[in-house]
Amino acid sequence: MKLRYTFPLVLLLAACSSSGPPPVGSYPSDYPREQYIEEMAEFATPGAEHKALAKAEGVWDVAVKVRETGSSEWSTGSGTAEMRMALGGRYLIEELRMTIAGRPSHAVVVHGYNRLSEHYFSIWMSENSTWPTYMDGEEDADGNVVRRGRYFDAATPGGRPFYANFKHEGDRLVTTVSDTIDGELVEVMQVYRTPRSN
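Residues numbered from 1 in each chain as written. Predicted model: local features only at pLDDT ≥ 70, side-chain atom pairs only at ≥ 80, totals over all residues. Heavy atoms only, no water.

**Section: the confidence of the model for the chain**
Our working definition: Confidence scores labelled pLDDT are given residue by residue by the predictor and lie between 0 and 100. What counts as a helix is a DSSP run of H or I of at least four residues, what counts as a strand is a run of E of at least two, and both are numbered from the N terminus. Note on contacts: a residue pair qualifies if any of its non-hydrogen atoms lie within 4.5 Å across the two residues.
Looking at the chain as a whole, its pLDDT mean stands at 84, while 88% of the residues score no less than 70. When mean pLDDT is taken per element in the chain, strand 2 (residues 75–86) scores highest with 95 and strand 7 (residues 145–151) scores lowest with 80. Scored below 50 in pLDDT, residues 1–20 shows 101 contacts in the model against residues more than four places distant or in partner chains.

**Points about the pairing of strand 3 (residues 91–100)**
Put simply, the test is: The pairing criterion for strands is at least two bridges between them, as found by DSSP.
Judged from the ten bridges that link them, strand 2 and strand 3 form a sheet pairing that is antiparallel. Counted as the bridge partner of Glu82 is Glu95 from strand 3. Counting the residues between successive antiparallel strands, the hairpin from strand 2 to strand 3 contains four residues, one of them, Leu87, with a positive phi of roughly 55°. Judged from the ten bridges that link them, strand 3 and strand 4 (residues 103–114) form a sheet pairing that is antiparallel. In the strand pairing of strand 4, Thr99 is matched with Pro104. The turn linking strand 3 back onto strand 4 is made up of two residues, and Ala101 within it adopts a positive phi angle of 55°.

**Quick look at the pairing of strand 7**
Stated formally: When accessible area is computed with a 1.4 Å probe and restricted to protein chains, residues below 20% of their type maximum are described as buried, those above 50% as exposed, and intermediate ones as partly exposed.
Only one face of strand 7 is covered, namely the one carrying Val145, Arg147, Gly149 and Tyr151; the face carrying Val146, Arg148 and Arg150 has none of its residues buried. Relative to strand 7, strand 6 (residues 133–139) runs antiparallel, the two being bridged by four bridges. Looking across to strand 7, one finds that Gly137 is bridged to Arg147. Sheet topology note: the strand 7/strand 8 (residues 160–169) ladder contains seven bridges and is antiparallel. When the bridges of strand 8 are listed, Val146 appears paired with Asn165.

**Structural notes on unusual backbone geometry**
Phi is positive for Leu87, which is not a glycine, with a value near 55°. As for its position among the elements, Leu87 is in the loop between strand 2 and strand 3. Residue class for Leu87 comes out exposed when judged on its relative accessible area of 61%. Not every positive phi belongs to a glycine, and Asp182 is a case in point at roughly 50°. Here Asp182 shows up in the loop between strand 9 (172–181) and strand 10 (184–195). Residue classification places Asp182 among the exposed residues on the basis of a relative accessible area of 79%.

Below is the structure:
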């Protein structure tokens, strides 16, 4: 099956989008009420992108490789991802359980498509943090999604840029993640998801 939406399998995610939120404004009290209701109903209705998200429902086997820097050895891991749609087909909820280098990881990720901004997005939460992380991006002509974000940790409390590229390789969903290390983008993660046949 060829999915036009791919989802992140990342341990390095963003606390906010690199593009940032739109400028803060003020609700215009003279905005036509009926027009507002119609527009909001349209933006809130799931579209083709949400139907594409729904194709990822099910159980996936996960293989992952991670490293800390460009000169570090790769560590390998494996696990599963369970996907289901929620809230009337608007969001894909992913529960991801992996073990990498003997360490377990459990995360819940909410994937969606924002019809206001016309961006795919993911909100990631795990047992390794007490804060959600966020990233977003657009789909290209080949159905791949490059998401951009900013990663926050003790080393860079102000955040640093990272990029995650999601693409299709046959039935597999492949994610590669690049982090900013010593001022350079370095690929630090490779994730391969394969649909479970049974």
